[in-house]
Amino acid sequence: MAAYISMGEAHRRITDYLNRFSDAISSQDGKSLSRLLSISSDSTGLLYLADALTTFQDANRVIRQTEYSQYADILVHVFRALQSYRLKNLVESYMAFEKASNAFIQEFRNWETAWALEALYVIAYEIRILAERADIELASIGKTPEKLKGAGSFLMKVFGVLAGKGPKRVGALYVTCQLFKIYFKLGTVNLCRSVIRSIETARIFDFEEFPVRDKVTYMYYTGRLEVYNENFPAADHKLSYALTHCSTKKEANIRMILKYLVPVKLSIGILPTALLLEKFNLNEYADVVLALKRGDLRLLRHALEEHEDRFLRSGVYLVLEKLELQVYQRLVKKIYIIQKQKDPNKAHQIKLDVIVKALRWLEIDMDVDEVECIMSILIYKNLVKGYFAHKSKVAVLSKQDPFPKLNGKPVNA
Amino acid sequence: MATEKQKPDTEEVKIDLFEDDDEFEEFEIDQDWDEKKEGEEISSQWEDDWDDDDVKDDFSQHLRKELESNPAKNEAKFT
């Protein structure tokens, strides 16, 4: 696959890389160093080097013979990772890269300033990406995919290296975000807890001090966790932070934030504009919003059914299902307003029969007892103020504010 | 020095191994932006006073008709 390279050319490419590597360290040039470690970037320079390594065979000798030998523990494994990556041996590439990264961390610990943070970011990113690919390879040959889990353990170690008083601590949130990506992928989101606790309570960290890109990513993931925990005010706060701070150039990320923020906002009685749904292609929510506006129970159920897979996959199905109570509230309110226009004096008495009739019109078959049950839930949850005249099967609404608004608060539990 | 080098020739076959459909895209490491200004417009795209007393929309009109119709007729429609 590689074009023919002479031994001399191969040797030149290898020493060129080694020179760049040692120059980057001696001049504390984090950016250049990071480029030399971006195994999965497929940069031309690295591909050239990978081919040279295959031709030359014995690059380790070059490393050990020269002034680069002090970084041999990093370099030997970076070379191996790179070469294996080029040959598509992804498991091997991951394992070598993990060794290189371990050696890198040892050096990084000893550097007093934070100049090499950018290189550390690349290590954290690469370890995750290489592990993902290694796992795909493992699964394809029938073995247990376990590298991504290993990458998680490694990154916890990296987190520990950064979580100190010094200037390197601003890098801790980047590593945290890489960990989130791993845990969400593996479905082990409970493991997020300990890093979150550290970020949010350790005195060494001041959240505002972290780079904005990491703050946005962090708030996105912790916001999703709050959605799963059904803690909607917290989810609203975090996802709204992510939304307002996200770079407008990253439309895909904005869309992902909204995918979770929209149901959260709906659950506290706030609707997205049609423009917002349209602009970010979130049409699956259009009918849900319309159902809330109308009080159209049938439409809500239909919308949930139509996009069931999607809502279940993202974990917002249960949130949306609970909107039913708000839709009932809206429907009863509409009945109340219609009655009021006809006869203002009797409007606050709503016969359960009438609600049954309205529901039947919506093709929802419920008897009076079931409707009474729904009404008592609405009253209990403070979505309706009133009481029952049980015998006459009438709900008597309060004359003042019979349909309290949520005003940004969740429905009572 | 660069010629077009072969890219990894195919995307890896997607195995439903572990998935998170909503994995946040990486921001560029050195990407920075004015965090105050960026989201201003988008965060105004919410309504909290939609729950009005307006019953002039089609849905409400139909509902009104339905409630005013006599039960027998209604029964006939659904059986």
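Quantities reported herein were computed from a predicted structural model and do not represent experimental measurements.

**Quick look at the UniProt feature "domain: PCI" (unreviewed entry) in chain A**
For step 1, the next point in the chain: The feature "domain: PCI" (unreviewed entry), as given by UniProt, occupies residues 216–402 of chain A in the numbering adopted here.
For step 2, the next point in the chain: Within residues 216–402 of chain A, the helical portion is 66% and the strand portion 7%, while the C-alpha atoms at the span's ends are 40 Å from each other.

**Observations concerning the pattern of salt bridges**
For step 1, the next point in the chain: Summed over all chains, the structure comprises 38 salt bridges over all chains.
For step 2, the next point in the chain: Here R169 of chain A ties to E209 of chain A by a salt bridge, and the two come within 3.1 Å at their closest N and O atoms. Residue R169 of chain A is located in the loop between α8 (147–162) and α9 (172–186), and its partner E209 of chain A is located in the loop between α10 (192–201) and α11 (212–228); the two are separated by 40 residues in the primary sequence.
For step 3, the next point in the chain: Between R298 of chain A and E363 of chain A there is a salt bridge; the shortest N-O distance is 3.3 Å. Linking R298 of chain A in helix α16 (residues 297–306) with E363 of chain A in the loop between α20 (352–361) and α21 (368–380), this pair joins segments that are 65 residues apart in sequence.
For step 4, the next point in the chain: Residue R298 of chain A is classed as partly exposed on the basis of its relative accessible area, which comes to 33%.
For step 5, the next point in the chain: Looking at E363 of chain A, the relative accessible area reads 57%, which means it is exposed.
For step 6, the next point in the chain: Each of R128, E132, K181 and K185 of chain A together with E23 and E26 of chain B takes part in one network of salt bridges that share partners.

**A short note on the interface of chain A and chain B**
For step 1, the next point in the chain: Contact residues are listed per partner, giving 87 residues for chain A and 56 residues for chain B.
For step 2, the next point in the chain: Where chain A touches chain B, the interface holds 29 residue pairs in polar contact (both at pLDDT 80 or more).
For step 3, the next point in the chain: Ranked by the residues each element gives to the side of chain A that touches chain B, the list is headed by helix α13 (residues 251–267) of chain A, at 11 residues.
For step 4, the next point in the chain: The residue inventory of the side of chain A that touches chain B, partitioned by class, reads 41 nonpolar, 15 polar and 31 charged.
For step 5, the next point in the chain: Where strand β1 (residues 271–272) of chain A and strand β1 (residues 46–47) of chain B come together, two bridges link them in antiparallel fashion. By the bridge assignment for β1 of chain B, P272 of chain A is matched with W46 of chain B.

**A word on the environment of H62 of chain B**
For step 1, the next point in the chain: Among the secondary structure elements, H62 of chain B is positioned in helix α1 (residues 58–68).
For step 2, the next point in the chain: Considering only alpha carbons, one finds H62 of chain B and F24 of chain B, 38 residues apart in sequence, at a separation of 44 Å.

**So, a negative patch on the surface**
Residues and elements named next belong to chain A.
For step 1, the next point in the chain: A cluster of acidic residues, E305, E306, E308 and D309, forms a negative patch on the protein surface.
For step 2, the next point in the chain: At the level of secondary structure, the elements contributing two or more residues to the negative patch comprise α16 and α17 (308–314).
For step 3, the next point in the chain: Note on placement: E308 falls in helix α17.

**Topic: the packing of α16 of chain A against helix α19 (residues 324–342) of chain A**
Residues and elements named next belong to chain A.
For step 1, the next point in the chain: Taken N-terminus to C-terminus, the directions of α16 and α19 make an angle of 160 degrees; their axes are 9 Å apart at the nearest point. In this view, α16 runs roughly antiparallel relative to α19, as classed from their interaxial angle. As α16 packs across α19, the resulting crossing turns out to be right-handed. Facing L297, L300 and R301 of α16, the residues of α19 in contact are E324, V327 and Y328.

**Thoughts on the packing of aromatic side chains**
For step 1, the next point in the chain: Under the counting rule described, the total for this entry stands at 25 aromatic pairs over all chains.
For step 2, the next point in the chain: Consider the rings of F184 of chain A and Y228 of chain A, whose centres lie 6.5 Å apart with planes at 35 degrees: the pair is tilted. With F184 of chain A in helix α9 and Y228 of chain A in helix α11, this pair connects stretches of sequence that are 44 residues apart.
For step 3, the next point in the chain: Residue F184 of chain A is classed as buried on the basis of its relative accessible area of 6%.
For step 4, the next point in the chain: With centroids separated by 5.2 Å and ring planes inclined at 45 degrees, the aromatic side chains of W361 of chain A and F59 of chain B adopt a geometry described as tilted. Remark: F59 of chain B occurs in helix α1 and W361 of chain A occurs in helix α20; the pair is interchain, linking two chains. Accessibility assignment for this pair places W361 of chain A and F59 of chain B in one class, buried.
For step 5, the next point in the chain: Here R213 of chain A stacks its cationic end above the ring of Y121 of chain A, 4.9 Å away from the centre of that ring.
For step 6, the next point in the chain: Looking at K265 of chain A, its charged tip hangs above the ring of W46 of chain B, at a distance of 5.3 Å from the centre.

**Structural notes on the packing of helix α3 (residues 44–56) of chain A against helix α5 (residues 72–86) of chain A**
All names here are of chain A.
For step 1, the next point in the chain: Interaxial distance between α3 and α5 falls to 9 Å at its minimum, and their mutual angle equals 95 degrees. With respect to α5, the element α3 is oriented roughly perpendicular. In contact with L46, L47, L49, A50, D51, L53 and T54 of α3, α5 contributes F79, L82, Q83 and R86.
For step 2, the next point in the chain: Looking at side-chain class alone, the contact of α3 with α5 contains seven nonpolar, two polar and two charged residues.

Cut-off values and rules
- Residues numbered from 1 in each chain as written.
- Chains lettered and ligands numbered in written order.
- Predicted model: local features only at pLDDT ≥ 70, side-chain atom pairs only at ≥ 80, totals over all residues.
- Heavy atoms only, no water.
- UniProt positions renumbered as here; feature names shortened; annotations may be inferred.
- Helix = DSSP H or I, 4+ residues; strand = E, 2+ residues; numbered from the N terminus.
- Salt bridge = Lys/Arg side-chain N within 4 Å of Asp/Glu carboxyl O.
- Buried < 20%, exposed > 50% of the residue type's maximum accessible area, 1.4 Å probe, protein only.
- Contact = heavy atoms within 4.5 Å.
- Polar contact = N/O pair within 3.5 Å; in protein donor to acceptor, adjacent residues only side chain to side chain.
- Nonpolar A, V, L, I, M, F, W, Y, C, P; charged D, E, K, R; others polar.
- Pairing = 2+ DSSP bridges.
- Patch = residues over 30% accessible without salt bridge, like charges linked within 9 Å, V, L, I, M, F, W, Y side chains within 5 Å.
- Areas by Shrake-Rupley, 256 points an atom, 1.4 Å probe, with all protein chains shown as cover.
- Lys, Arg positive; Asp, Glu negative; His and termini not counted.
- Charge placed at Lys NZ, Arg CZ, Asp CG, Glu CD.
- Axes fitted to C-alpha atoms, helices over the stretch in contact; angles between N-to-C directions.
- Parallel < 35°, antiparallel > 145°, perpendicular 65-115°, else oblique.
- Left-handed = near helix turned anticlockwise from the far one by under 90°.
- Phe/Tyr/Trp six-rings, centres within 6.5 Å; stacked < 30°, edge-to-face > 60°.
- Lys NZ or Arg CZ within 6 Å of the ring centre and 35° of its normal.

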